[in-house]
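Okay, here's what each chain looks like letter by letter:
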Amino acid sequence: MNTELTKRSLVELAVERMRECIVLGDWQVGQRLPTEPELALQLGISRNTVREAMRVLAFSGLVEIRQGDGSYLRTAQDPLQAVHAMSRCTPEQARETRHILEAEAVGLAALRRTDADLQALRDALEGSAGHFHGDVDAYVACDLVFHQRLVDAAHNPALSELYRYFSGVVAAALQHNMATVPRCQATFDLHGQILDAIEQRDAERAKRLTRILIES
């Protein structure tokens, strides 16, 4: 028997059992969850399997693991369902979603940004600039930080969290574009122009430039 397959099956079973506890309301949002030994005894599995299953739940956003304090239930709604839906969307659907989510968030950012937001955006943009003509993966990683900080500057936690889940789709689109279309400095320069519009608190210009960037 393949031991790696058996281990994975046990972890998947443990994850499923834990999800049932959440769906059935056995665990409440904000509640400190049972310890690893307690869960191992309750589920009839090893502590190592419990630990791996808890990491899966933490990665999906359902559980928060606090070092030295235990694990807590963050939400009863499984974000992975949203992530799976996003992963199946077409390029056109991804663009539509970015127009609705990102462009509008950038408009709010222009109205609500703080000096700390501007500095964080400048730092992120500087990091991106160093990789634009270099390694694609390095550039995309830096660019995602910039875009996330744009949305974060709207100071709406719901928008920030939605964009965080959506960022995988954005990354895939960026990687595809950079691999198939010659890199254009004018496209990169749009990032700086958006930042300038946010600094000037010009919401309409910031949104217009963001829409141009999304379509480029």
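The structure displayed is predicted, hence computed values, not measured ones.

Calculation rules
Residue numbering note: each chain is counted from 1, following its sequence as written. This being a predicted model, a pLDDT of at least 70 is required before a residue's local features are given, and a value of 80 or more before pairs of side-chain atoms are given or counted; all residues contribute to the totals for chains, interfaces and linings. In computing side-chain values, all of the structure's heavy atoms are included and hydrogens and water are not. Salt bridge, as applied in this entry: a Lys or Arg side-chain nitrogen positioned within 4 Å of an Asp or Glu carboxyl oxygen. What counts as a helix is a DSSP run of H or I of at least four residues, what counts as a strand is a run of E of at least two, and both are numbered from the N terminus. Only protein chains enter the accessibility calculation, which uses a 1.4 Å probe; a residue is then buried when its area is under 20% of its type maximum, exposed when over 50%, and partly exposed in between. The domain limits used here are those given by an automatic or database domain assignment. Pairing of N or O atoms within 3.5 Å defines a polar contact, subject to two protein rules: one partner must be a possible hydrogen donor and the other a possible acceptor, and residues neighboring in sequence count only if both atoms are side-chain atoms. Any two residues whose heavy atoms approach within 4.5 Å at even a single point are treated as in contact. Two strands are counted as paired when DSSP detects at least two bridges linking them. The span one expects for a helix is its residue count, reduced by one, times 1.5 Å. Note: the arc covers the axis-to-C-beta directions of the helix.

The final tally for this structure, using the stated rule, is 13 salt bridges. With a shortest N-O distance of 3.9 Å, R47 and E36 are connected by a salt bridge. Separated by eleven residues along the polypeptide, R47 in helix α3 (residues 47-59) and E36 in helix α2 (residues 36-43) bring together distant segments of the chain. A relative accessible area of 45% means that R47 is categorised as partly exposed. Linked by salt bridges that have partners in common, E104, E204, K207 and R211 make up one network.

As assigned here, the protein comprises domain 1 (10-79) and domain 2 (89-215). Domain 1 and domain 2 are separated by 34 Å when their C-alpha centres are compared.

Let us look at the side chain of H191. Structurally, H191 can be placed in helix α9 (residues 185-199). Judged by relative accessible area, H191 falls into the buried class, the value being 3%. Of the polar contacts made by the side chain of H191, one reaches the side chain of D143; its length is 3.0 Å. For H191, the residues in contact, after removing those within four places along its chain, are L125, Y139, D143, F146, H147 and L213.

So, about the pairing of strand β1 (residues 63-66). Summarising the sheet, β1 and strand β2 (residues 70-73) pair through four bridges and their orientation is antiparallel. Paired with I65 across the two strands is S71, which belongs to β2. Two successive antiparallel strands, β1 and β2, enclose a turn made up of three residues, where G68 displays a positive phi of approximately 80 degrees.

This part covers helix α10 (residues 203-215). Its 13 residues give α10 an end-to-end C-alpha distance of 19 Å, which sits within 8% of 18 Å, the value for a rise of 1.5 Å per residue. For α10, the set of buried residues is A203, A206, K207, L209, T210, L213 and I214. Around the axis of α10, the buried residues are gathered within 165 degrees of arc, so they sit on the same side.

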